[in-house]
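Take a look at the letters that make up each chain.
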Number of protein chains: 2
Amino acid sequence: MLIPFDDHYFMKKALQEAQQAFDKGEIPVGAVVTHNNQIIAKSHNLTEQLTDVTAHAEMQAITAAANHIGGKYLRGCTLYVTLEPCQMCAGALYWSQLSRLVFAAPDEGRGYRTLGTQLHPKTKVDHGILEEEASRLLKAFFIQKRNMN
Amino acid sequence: MLIPFDDHYFMKKALQEAQQAFDKGEIPVGAVVTHNNQIIAKSHNLTEQLTDVTAHAEMQAITAAANHIGGKYLRGCTLYVTLEPCQMCAGALYWSQLSRLVFAAPDEGRGYRTLGTQLHPKTKVDHGILEEEASRLLKAFFIQKRNMN
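As recorded in an unreviewed UniProt entry, chain A goes by the name tRNA-specific adenosine deaminase, listed as coming from Psychroflexus torquis. Quoted verbatim from the Sequence similarities (unreviewed entry) field of UniProt, the annotation for chain A is "Belongs to the cytidine and deoxycytidylate deaminase family. ADAT2 subfamily." In the Subunit (unreviewed entry) part of its UniProt record, chain A is described as follows: "Homodimer."

And the structure:
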């Protein structure tokens, strides 16, 4: 049976957002939030364009999703993000009471698991969906960046 | 010698921000950011008004201060906040490379120290300035809230 709207589908949408960040010279991380199998928020990292360290893809996605819902809690929502969230974003997800987090590539250095940041106890986590594609885009970005300097 | 612009002075300004949050029915937390002994950003918690869990006083202060500076790093800046930052805000402060954090009241439950969130290695921390006043305002808020329900 064909399942058109599965984790792979939504992570692909998050990857398209990451590509948009890449094209703007931003660290390529993208995110989407779904509710009842529909996308209610899309975003990508904009820290350089906005000169704002808080403008990670996840932070914008949380704000946009809450705006769509008309309430501050993301219960019943899934966040798809192409890179493992950092302390800040995981801390924001904690407050949001997000139901499910799915990330593509791990971040061994500054990811929330390495740094021990707590998610909300009700948040389920899956990872590894399109991991290779997400990692490849990140690596390409940093190689390009290095060659420019 | 009288020092008009000291930690006590700036924390008092943060407390005035917290009072504004209180008056709006928000958890009363306020913040100011200083640079060269001048206030460059002021904010207070607006999570209810904006229905946005990311709208903590510190997050807004970081964004506003970066906007004032025209760069995303808060090197040379001090953040005064009336309550110990949470994981999210400490994570944001990590990225900002803030030079100094001063908070008034500790948050034993959800404060960044209890939860082990990392600040930037260059961020110096002081706390306890106007702790009683900040705690009193928070307690008054939660007592009022309890009596309303």
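Past the structure itself, the notes keep going.
Before we go on, may I ask you to explain the relation of the copies chain A and chain B in this structure?
The second copy of the chain is related to the first by a rotation about an axis and a shift along the axis. For these two chains of identical sequence, chain A goes onto chain B by a turn of 180° and a shift of 0.0 Å along the axis, with RMSD 0.0 Å. Considering both components of the superposition, the chain copies are consistent with a two-fold axis. Considering only C-alpha atoms, the residue of chain A closest to the rotation axis is A:M88, which sits at 2.0 Å. Comparing contact sets, 100% of the residues at the interface of chain A also lie at the interface in chain B, consistent with an isologous, same-surface contact.

Just to check I follow, could you spell out the UniProt feature "domain: CMP/dCMP-type deaminase" (unreviewed entry) in chain A for this structure?
UniProt annotation of "domain: CMP/dCMP-type deaminase" (unreviewed entry) refers to residues 5–115 of chain A when read in the numbering used here. With 40% helix and 23% strand, the stretch residues 5–115 of chain A has end C-alpha atoms that lie 32 Å from each other.

I tried to follow the UniProt feature "binding site: Zn(2+)" (unreviewed entry) in chain A on my own but got confused; where do I start?
Within this numbering scheme, the UniProt entry marks A:H56, A:C86 and A:C89 as carrying the feature "binding site: Zn(2+)" (unreviewed entry). Across 34 residues in sequence, these annotated residues keep their C-alpha atoms within 9.3 Å of one another, forming a single compact spot. Among the residues just listed, A:C86 line the largest cavity. Residue class for A:H56 comes out buried when judged on its relative accessible area of 16%. Apart from residues lying up to four places away in sequence, A:H56 is in contact with A:N45, A:T47, A:C86, A:M88, A:C89 and B:W95.

Honestly, the nonpolar core in this entry has me stumped. Any pointers?
Grouped burial of nonpolar side chains is what soluble globular proteins tend to show. Ranked by internal contacts, the top residues of the largest apolar core, which has 90 residues, are A:L79, A:M88, A:L101, B:L79 and B:L101. No other element matches the seven residues that helix α3 (residues 87–96) of chain B contributes to this core. Residue contacts for B:L101: discarding those within four places in its chain leaves B:L79, B:V81, B:P85, B:L93, B:Y112, B:L119, B:T123, B:K124, B:V125 and B:D126.

Help me out: how do you make sense of the side chain of A:E26 in this one?
Structurally, A:E26 is set in the loop between α1 (7–23) and β1 (30–35). Nearest to the buried, unbridged A:E26 among oppositely charged side chains is B:K72, at 6.8 Å. A polar contact is formed between the side chain of A:E26 and the backbone nitrogen of A:T47, at a distance of 3.2 Å.

Rules used throughout
- Residues numbered from 1 in each chain as written.
- Chains lettered and ligands numbered in written order.
- Predicted model: local features only at pLDDT ≥ 70, side-chain atom pairs only at ≥ 80, totals over all residues.
- Heavy atoms only, no water.
- UniProt positions renumbered as here; feature names shortened; annotations may be inferred.
- Least-squares fit on C-alpha atoms with pLDDT ≥ 70 in both.
- Contact = heavy atoms within 4.5 Å.
- Helix = DSSP H or I, 4+ residues; strand = E, 2+ residues; numbered from the N terminus.
- 1 Å grid on protein atoms, 1.4 Å probe; cavity = no way out; pocket = protein on both sides within 12 Å on 5 of 7 lines; lining within 4 Å.
- Buried < 20%, exposed > 50% of the residue type's maximum accessible area, 1.4 Å probe, protein only.
- Core = buried A, V, L, I, M, F, W, Y, C linked by side-chain atoms within 4.5 Å.
- Lys, Arg positive; Asp, Glu negative; His and termini not counted.
- Salt bridge = Lys/Arg side-chain N within 4 Å of Asp/Glu carboxyl O.
- Polar contact = N/O pair within 3.5 Å; in protein donor to acceptor, adjacent residues only side chain to side chain.

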